[in-house]
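If you want the building blocks of each chain, they are given just below.
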Amino acid sequence: MTPRETPLPMTVLSGFLGSGKTTLVNYLLRHNEGQKILVLVNDFGALPIDEDLIESQDGEILSLANGCACCSMGGDLFEAFDAALKFEPAPDQLLIEASGVAEPRRIANFARAEPDLQLNGIVTIVDAANMEDGLQDPRLLDVMKEQISSAHILLLNKCDLVSQVQKNRARNKLKDLNDEVKPIDINHGRVPPDIIFGKGKAADMTAIETKSQHNHGDIFDHWALKSQKLFEKHALWETVSSLPSTVLRFKGIFRSPDATTAWSIHKVGAHVDIARIEEPSFAEPYSEFVAIGLKEDKISEVLEAAFQKDQ
Amino acid sequence: MSGTTVFKAKKIITMNPVQPEATHVAIRDGRILAAGTEQELAGWGDHNLDTSFEDKILMPGFVEGHCHLMAGGIWQFTYVGYQDRIDPDGKHWPGVKSLEEVLERLKEAEAKLGPEEPLVAWGFDPIFLMARRLDKNDLDAVSSDRPIAVVHSNFHLMTVNSASLKLANYVADMGVDGIAIGEDGTPNGELQEMAAMFPIMRRLGINLRELGRSRSSIIDFGKVCNRVGVTTAADLINDLPDEDVAEMTSITSEDSYPIRLLSMLNALAQPVDETRDRALELAHHSTDKLRLGGVKIVTDGSIQGFTARIRWPGHFNGAPNGIWNILPDQLNELVSVLNDAGVQMHIHTNGDEAIEAALDALEIAKAKNNRPDLRHVLQHCQMADRAQFRKMNRLGVCANLFANHLYYFGDKHYELTIGPDRATRMDACQSALDFGVTFTIHSDAPVTPMAPLFTAWCAVNRQTESGRVLGEYEKITVDEALEAITLGAASTLQMDHEVGSVEVGKWADFAVLEDDPQKIAPESLKDVKVWGTVLAGEKFQTP
């Protein structure tokens, strides 16, 4: 076993059949922004990848022209994670497509326990049109509840197919099950990779862009802060933990008051991670943070206030 | 023309109602030519009379309908279970009855290891050693620098020492589910579920799936079977890649390999259509001693792990409902596709909600396309109620009941998991008989030890570890239990025309017993001694 130099960020994608996982995965693979994404299909259902993306197929592994790959992993999580960590070339992002029944929390726990993995979040996609049907089947109720309540990012898909009334009912239901996460309305699985993956590797935050990306700029807003300040770990944890759910993702790097140790911080949903950076790649003792939210929620104001008040 | 051999026995229990008992059996070309008295057999011409079994009892070779090849390979680790077990080479491992005995055994094993080898043990069961939990301090006393991992009997937990914890960087409370924290606020060495165990297993090279794949494991598995009179055994889940099929074919075709092996394809490891195509293709690779083509579908988890899907009113202790490994709607589709294609299904269902979902899926499939040529089997089927047995009868579905659970986990089911009402009707053999459901009973080895006569004892006595009788009504007779572990199991494997009874034309596969199970007291059935087996007329005395 060869340990990785930096942990592999892992995202769990959960949702029922027909909720739009396949479309979303294809969208993310098409907009990978230079990152090598390894998609593991934790399912016995096929995950059809758009043909024009595929460069070659070798057994269970599909290689894409842009450096991404997809791999079917059968039913055994041990084998799947073992294979992902051995995968050559080493991926930048691991995206696990959890089957309709897999408990996303259980899969996410692998990334929290394994030093060579880092949890990037649980993304749950629900179908605005048929979510209520699922919640009425007693055999499925607890599975669906688990998927929604464990999510750090909730995507309400197929919003173009339902009335405003239906959409509001779905949103209320989601809020009942998980009030820490604000659902994002999407159509056809289109969501910026930033939201799903965060921004690049945790320890590599030197190139922060704040410009809007692709055609998502109309609904999403980025916020960034670069500062010479030093931050006390626990105080920052408090500040970031109390950010409202309208801040969909928050991450950054900072130096603590002794100025010798550097840390990365990452928040998605209610999940906050602080990890020490062993060998910071940035020489100057500065800190920087970036966040993403919905434009309508004016996250910049919230964040400016939070960082002025506490620090 | 090849010769005819006649075995003379003290008694042959045939499982053939036309001729329940015989003293002689004639064998030609590995098959049973005739059974009866010496005079009755004389008409078949010259024969060699073999009297080596004249003071022994012959039965049809036992058929284990649900176990795993890992039952052989697991013995490369040190056994630290509570009950006595026998390893493939016949070494008797007394159960370790206290934490002190566990540590003593670990120290002995540790002393024999090379400098770089980790110490891995298996079979540990804290349910039986409740005085206190095993923790890292205990194991640190065995070795402070060699990594140690003690895998619990359910394979869902392990306890490790500080050297192992350090390897995975488990040195502080990281708030991760499954990494148990001790009073001092640091991990105490107990790791629960695969996510928390994975970093250790990966670093110590413990790969449970590999345990069932290697040549030595498959050979050891044959020894495990031979020791308990089993001549046909079903490995109840396997990914069956080509290279493994080639290896299994080569090993089983050797004359010295003592069993007929069936291996069921994992139906959830690839998309539905691929499962169907692969199962049909595998069926063509079957030989006399390796049978392929059936599939395994895992629907829920286990009752003792609180992961079975159970109906109202849920768990006795209020634990939340268990997990689906496949959603009911997807199960409906999978079952229909496989049934249409003529693929036999073994469907793992522990809880009654999972049983209901499987029966609904089979009902949909059979209403469309009855396929009376196929016998689908509910595996474990532990919580089925009588209405579900009636439905199995209507649909022609078989059951393989987990009788060993009554002994090993019965007390826990009564007190903790599902409560008295449902625990007393678990693994309901009498209900299966009442409604004419073809059934067998199994060990799920290595989850519980393989030994069909012990499994039969469980079904006859329904006695738990503490001595409680779990449901008087569901007890069956010794003869019914003996049929379940021979012809019953053969039927669930669609091999009842080849094995399972001593009848003309069937394979000359026998269990050779030192005692007569029909004469011994029913409560001593498990103590019947096994001499070994005969496979296709060849003797395999247990070494």
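Residues numbered from 1 in each chain as written. Chains lettered and ligands numbered in written order. Predicted model: local features only at pLDDT ≥ 70, side-chain atom pairs only at ≥ 80, totals over all residues. Heavy atoms only, no water.

Trainee: Teacher, can you tell me more about the interface of chain A and chain B here?
Mentor: When the parts of a complex come together, some accessible area is lost, and that lost area is often used as the size of the interface. Chain A puts 32 residues into the contact, and the matching count from chain B is 36 residues. With both sides pooled, the region where chain A packs onto chain B buries about 3100 Å², and carbon together with sulfur makes up 60% of that total. Run the count over chain A and chain B and you get six salt bridges. The shortest N-O distance in the salt bridge between Arg203 of chain B and Asp116 of chain A comes to 3.7 Å. (Contact = heavy atoms within 4.5 Å. Buried area = accessible area lost by both parts, 1.4 Å probe. Salt bridge = Lys/Arg side-chain N within 4 Å of Asp/Glu carboxyl O.)

Trainee: What should I look at first to understand the domain arrangement of chain B in this one?
Mentor: All names here are of chain B. Splitting chain B by domain gives domain 1 (71-204) and domain 2 (213-535). A C-alpha centroid distance of 30 Å is found between domain 1 and domain 2. Buried surface at the junction of domain 1 and domain 2, summed over both partners, amounts to about 1500 Å²; 62% is from carbon and sulfur atoms. The largest share of the area that domain 1 buries against domain 2 comes from Ala71, Arg85 and Pro88, three residues that together contribute 34% of it. The tally of links between domain 1 and domain 2 comes to one salt bridge. In this structure, the salt-bridge partner of Asp89 is Lys223, at a minimum N-O distance of 2.9 Å. Run the count over domain 1 and domain 2 and you get three residue pairs in polar contact (both at pLDDT 80 or more). For the side of domain 1 that touches domain 2, the element with the most residues is helix H2 (residues 70-73), which contributes three residues. Its residues assigned to classes, the side of domain 1 that touches domain 2 comprises ten nonpolar, four polar and three charged. (Domains from an automatic or database assignment. Polar contact = N/O pair within 3.5 Å; in protein donor to acceptor, adjacent residues only side chain to side chain. Helix = DSSP H or I, 4+ residues; strand = E, 2+ residues; numbered from the N terminus. Nonpolar A, V, L, I, M, F, W, Y, C, P; charged D, E, K, R; others polar.)

Trainee: Hey, could you run me through the domain arrangement of chain A in this one?
Mentor: Residues and elements named next belong to chain A. For chain A, the assigned domains read domain 1 (8-195) and domain 2 (204-310). At the interface, 20 residues of domain 1 touch 20 residues of domain 2. A buried area of about 1800 Å², summed over both sides, lies between domain 1 and domain 2, and 57% of it is on carbon and sulfur atoms. For domain 1, the biggest contributors to the area lost against domain 2 are Lys182, Asp194 and Ile195; these three give 30% of the whole. At the junction of domain 1 with domain 2, the criterion picks out two salt bridges.

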